[in-house]
Every structure is written in structure tokens, then in C-alpha cells.
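The primary structure of each chain is shown beneath.
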Amino acid sequence: MNGTIRVGNLFGIPFYIHPSWFLVLGLVTWSYSSGLAAQFPQLSAGLALLLGLMTALMLFASVVAHELGHSFVAIRQGIDVKSITLFIFGGLASLEKESKTPGEAFWVAIAGPMVSLLLCGIVTAIGVTTAASGPLAAILGVLASVNLALALFNLIPGLPLDGGNILKAIVWKITGNPYKGVTFASRVGQIFGWVAILSGVVPLLLFGNAGNFWNLLVGFFLLQNAGNSAQFARVQEKLTGLTAEDAVTHDSPIVSANLTLREFADERVISGQNWHRFLVTDDDGQLVGAIAVDNLRTIPTALWSETQVKEVMRPITESTTVQSDQPLLEVMQLLEQQKLSVLPVIRENGVLVGILEKAAIIQLLQSRTQPNPA
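Residues numbered from 1 in each chain as written. Predicted model: local features only at pLDDT ≥ 70, side-chain atom pairs only at ≥ 80, totals over all residues. Heavy atoms only, no water.

A. Spotlight on the overall build of the protein chain. What the protein chain contains, in helices and strands, is 10 helices and 10 strands. The C-alpha radius of gyration of the protein chain comes to 28 Å, more than 25% above the 21 Å expected for a compact globule of 374 residues. The proportion of buried residues among the 374 residues of the protein chain is 43%. Sequence-distant contacts in the protein chain: of pairs separated by 6 or more residues, those separated by 24 or more amount to 62%. Per element, the accessible surface of the protein chain, about 20,300 Å² overall, is 61% carbon and sulfur. Counting 21 positive and 25 negative side-chain charges, the protein chain places the averaged centre of each group 9 Å from the other. (Helix = DSSP H or I, 4+ residues; strand = E, 2+ residues; numbered from the N terminus. Rg over C-alpha atoms; globule rule 2.2 N^0.38 Å. Buried < 20%, exposed > 50% of the residue type's maximum accessible area, 1.4 Å probe, protein only. Contact = heavy atoms within 4.5 Å. Areas by Shrake-Rupley, 256 points an atom, 1.4 Å probe, with all protein chains shown as cover. Lys, Arg positive; Asp, Glu negative; His and termini not counted. Charge placed at Lys NZ, Arg CZ, Asp CG, Glu CD.)

Structure representation (C-alpha cells):
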């Protein structure tokens, strides 16, 4: 993940920290240690700093617990959790895919706030039943209030917050269309983003008060991510119902394994085709390998007429192919995840259909976006 540091696994889930988290950890530690030192003058500076650091770490542990709530529910639904990342605005659990039904999406979304509310109740109960006092009571009070705030903030009904995902699931249930849910929740998220930005800008411009500067950052975060969610939802909706075969490049670079290198060079390379890599098929049309134009250089020209393509080609593994009936959205995500630009498309029996290029998906999206002529 770009810019993040992997620190290990949590229950088998890769755990990352963004460098900005260390800045926030330092600021939170300084803030709470200063508060404890002012509230309890009997504390030494070193002890106040240590208690401040412990409080900050427990607060971030609460954020991790919040994300684990989402993760465990997703795992129970058969959804892999790719990672959990701590960053300047809190935490993020990255899921492999969306839930299959609005009900399942609802439970994944609400699990995080429920964990935070549960932690708030547990910490409050500990403080009451133990009659804690002094610095311990102050720390417990902070933990309880922050978990409550974490739950309530995330319940704001706008993407990318949990409340937005809850709203998305509700609209999905009502309309039967998950993308309408994303679009609606994204718009609400953008509204809250603008409200947060204005709540930071207005006091600054009118009174020179920068006390709400954090609202500006949160507002920009909501605005950007809500917009990204809406854009991705539009892409998903346009790709719905399309398969890999729908985006296969016409006249894909395919050659027979039985061609000689001379025939291959004359028919495909010298004829002016701009492809640098060709897929190789057997007599049944099944994909057996690939050959690049550069591979010709490994064989002396005098031997081209007696050397067949199958003797020079490189094998292709199943992991680098996609099925012709595979949803195009999944193929697009695969291209992004593996940073590929081209994938061979085969049918269930191994017969090659052609190649699928990332550029072809983009062109297909553009064609479906253009209005039909009257």
C-alpha cells in the first residue's frame, strides 16, 4: 500500500500504519499528558507523559477494534479483508468485495459503531463499579467519551462513513439497486462535507478563529471520498451485465502454434501489425502460450523456416487468464489490483476468445456514457 508501513497481522489480517498516524499519536499524547498534568499537579512530568501515551494508544486501539468489528462480520459473510490501516482520520478496513445483499451490507456497516458503543459501555461500567478516581477516572472518562464520539461521528449518514454505508444499504433495499444506494449516500456525504468546510471557513474569515480547522480537514476528506464513491458507483452500474467477452479486442493478436517462425514473421510482423506479443493456440483453438516479437531474435534467421512457434513460445498460467463469462467489473478490479493492462480471455473449455485491454474497457464505458442519437 502506498505510503503505509506494515506492522504485522491482526487475527490474520494485514495491519498497516500511515506515517501521518505517528504525528497524530504525538499530538494526542501531548494533549492528554498536558491535560492530566494540569488536572493533577501531583503527577510528575514523566508520569503524565506516560499516562498520556497510554491513553493515546488505548484510543487508537479503540479505532482498531471498531475496524475489526467491520472485518469480522465481513469474514463471516465470506468476504476477505485485505488490510486494516490506521491513518490521520482514524482507521480503514479494506474489504475484497461488497456484500451480496443489502441486509449483509447493513450488518457490516453497523458492526463498527456497535463495537464502539459496546466499548463505551464497558469502560463506563468499569469506572462506576470500581469507583475509580484521580488520573484513572480521567483516563476512563476520556476512553468512554471518545468511543461514544467515534460511534456517533461514524453514524453520520453519508459516505464514506459507516452511516453512509448504512444509508446505502437501506436505499439498496428499497430500490433494489445497490448503485442508487451508493449515489444517494455519496450526495449526502458531500453535503456533510460542505457543511464541515463552511463550519471551519466562516469562523476563520469572520473572526480569525482557526479553532475549527479540523472541520476543514474532515470536510475535504468527506467531499473527496464521497465523490470518489459516487464516481465508482457510476462505473459499476455501466459495467453491470457485461462480461469479459464483451470487451475483447477485435482481431486480437493470435497465432497458431504450428506456424513456422518465417510464416509468423511474414504474416504478423512484417505485414505491419503493431502488436509486440501474440497469444498462441493449438489446433483446437485452446490457449497454449505466448510469443513476443523479440523472441525471434533468439533463433537464427536461417532456421526460421524449420522452427515452429510452439518451439519458441512461453507458457501461460491460468492465473494470468480470465473466463469469458466473468463479470467485466471483476476483470477491471483484477487489472487494477495486479497492475496489468492486458489479459487473455478464454472459455470454460480453454478455447481462446481474444485479449482484453484496459483501454477497451475505458472505451466501452465512454460509448455507454454517450447519449444515443435521436
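Structure shown, so let's carry the discussion forward.
B. Looking closely at unusual backbone geometry. The step from L159 to P160 runs through a cis peptide bond, and the omega angle for that step is 10°. Examined against the element boundaries, P160 turns out to sit in the loop between α4 (134-154) and α5 (162-175). Despite not being glycine, F11 shows a phi value in the positive range, around 55°. One can find F11 in the loop between β1 (5-10) and β2 (13-17). Phi is positive for A131, close to 50°, though the residue is something other than glycine. Checked against the element boundaries, A131 lands in the loop between α3 (102-129) and α4. We classify A131 as exposed; its relative accessible area is 60%.

C. Layout of the pairing of β1. Across five bridges, the pairing between β1 and β2 is antiparallel. Paired with G8 across the strands is F15, a residue of β2. Between β1 and β2, which follow one another and run antiparallel, lie two residues, and F11 among them has a positive phi close to 55°. (Pairing = 2+ DSSP bridges.)

D. Examining the sheet that holds strand β10 (residues 352-357) more closely. Strand order in the open sheet formed by three strands is β8-β9-β10, and the pairing between neighbours is mixed. The open sheet has two edge strands with one neighbour each: β8 (322-323) and β10. Bridge analysis of strand β9 (residues 342-346) against β10 gives five bridges, and the strand direction is antiparallel. Within β10, the residue paired with P344 across the bridge is I355. In the packing of helix α9 (residues 328-337) onto the sheet, contacts are made with β8, β9 and β10, and the angle to β9 comes to roughly 145°. (Axes fitted to C-alpha atoms, helices over the stretch in contact; angles between N-to-C directions.)

E. Quick peek at the sheet that holds β1. Across the sheet, four strands lie side by side as β1-β2-β3-β4; this open sheet has mixed pairing. Each edge of the sheet is formed by a strand with only one pairing partner; in this case those strands are β1 and β4 (90-95). Averaged over all neighbouring strand pairs, the angle between strand axes comes to 25°, with direction disregarded.

F. Main features of α5. Under the 1.5 Å per step criterion, the end-to-end length of α5 is 20 Å for 14 residues, consistent within 8% with the ideal 20 Å. Residues of α5 that are buried make contact with α2 (45-76), α3, α4 and α6 (178-207). Just downstream of α5, G176 is the residue with a positive phi angle, here 75°. (Expected span 1.5 Å × (residues − 1).)

G. Region of interest: the side chain of S324. By secondary structure assignment, the location of S324 is in the loop between β8 and α9. Using a relative accessible area of 9% as the deciding quantity, one classes S324 as buried.

H. Here's a closer look at the environment of G208. Positionally, G208 belongs in the loop between α6 and α7 (213-239). Overall, G208 belongs to the exposed group, its relative accessible area being 54%. Expressed as a C-alpha distance, the spacing of G208 and I346, which sit 138 residues apart in the sequence, is 64 Å.

I. Structural detail: the packing of helix α1 (residues 19-39) against α2. Running from N to C, α1 and α2 point in directions that differ by 130°, and their axes come no closer than 7 Å. With respect to their mutual orientation, α1 and α2 come out oblique. For the element pair α1 and α2, the recorded crossing hand is right-handed. Judged by residue contacts, W21, V24, L25, V28, T29, Y32, S33, L36 and A37 of α1 engage A48, L49, L51, G52, L53, T55, A56, L57, L59 and F60 from α2. (Parallel < 35°, antiparallel > 145°, perpendicular 65-115°, else oblique. Left-handed = near helix turned anticlockwise from the far one by under 90°.)

J. Geometry of the packing of aromatic side chains. All chains considered together, the criterion is met by six aromatic pairs. Ring centres of W21 and F60 lie 5.0 Å apart, and the angle between their planes is 65°; this geometry places the pair in the edge-to-face category. Of this pair, W21 sits in helix α1 while F60 sits in helix α2, and the two are 39 residues apart along the sequence. Residue W21 is classed as buried on the basis of its relative accessible area, which comes to 7%. Geometrically, the ring pair formed by F264 and F278 is edge-to-face, given 5.2 Å between the ring centres and 90° between the ring planes. (Phe/Tyr/Trp six-rings, centres within 6.5 Å; stacked < 30°, edge-to-face > 60°.)

K. Seen up close, a nonpolar patch on the surface. Side chains of L198, V202, L205, L206 and F207 sit close together on the surface and give an oily, nonpolar patch of about 590 Å² of accessible area. Of the residues examined, F207 reaches a relative accessible area of 68% and is grouped as exposed. (Patch = residues over 30% accessible without salt bridge, like charges linked within 9 Å, V, L, I, M, F, W, Y side chains within 5 Å. Salt bridge = Lys/Arg side-chain N within 4 Å of Asp/Glu carboxyl O.)

L. Representation of the nonpolar core within the structure. Membership of the largest hydrophobic core comes to 30 residues, with the highest contact counts inside it found for F15, W21, L36, F60, I84 and L86. Taken together, the elements giving at least two residues each to this core come down to β2, α1, α2, β3 (81-87), α3 and α4. Ignoring sequence-local partners within four residues, the contact set of I84 consists of I13, P14, F15, Y16, E67, L68, S71, L92 and A93. Among the nonpolar cores identified, the runner-up in size contains 19 residues, and L239, L329, L335 and L365 belong to it. (Core = buried A, V, L, I, M, F, W, Y, C linked by side-chain atoms within 4.5 Å.)

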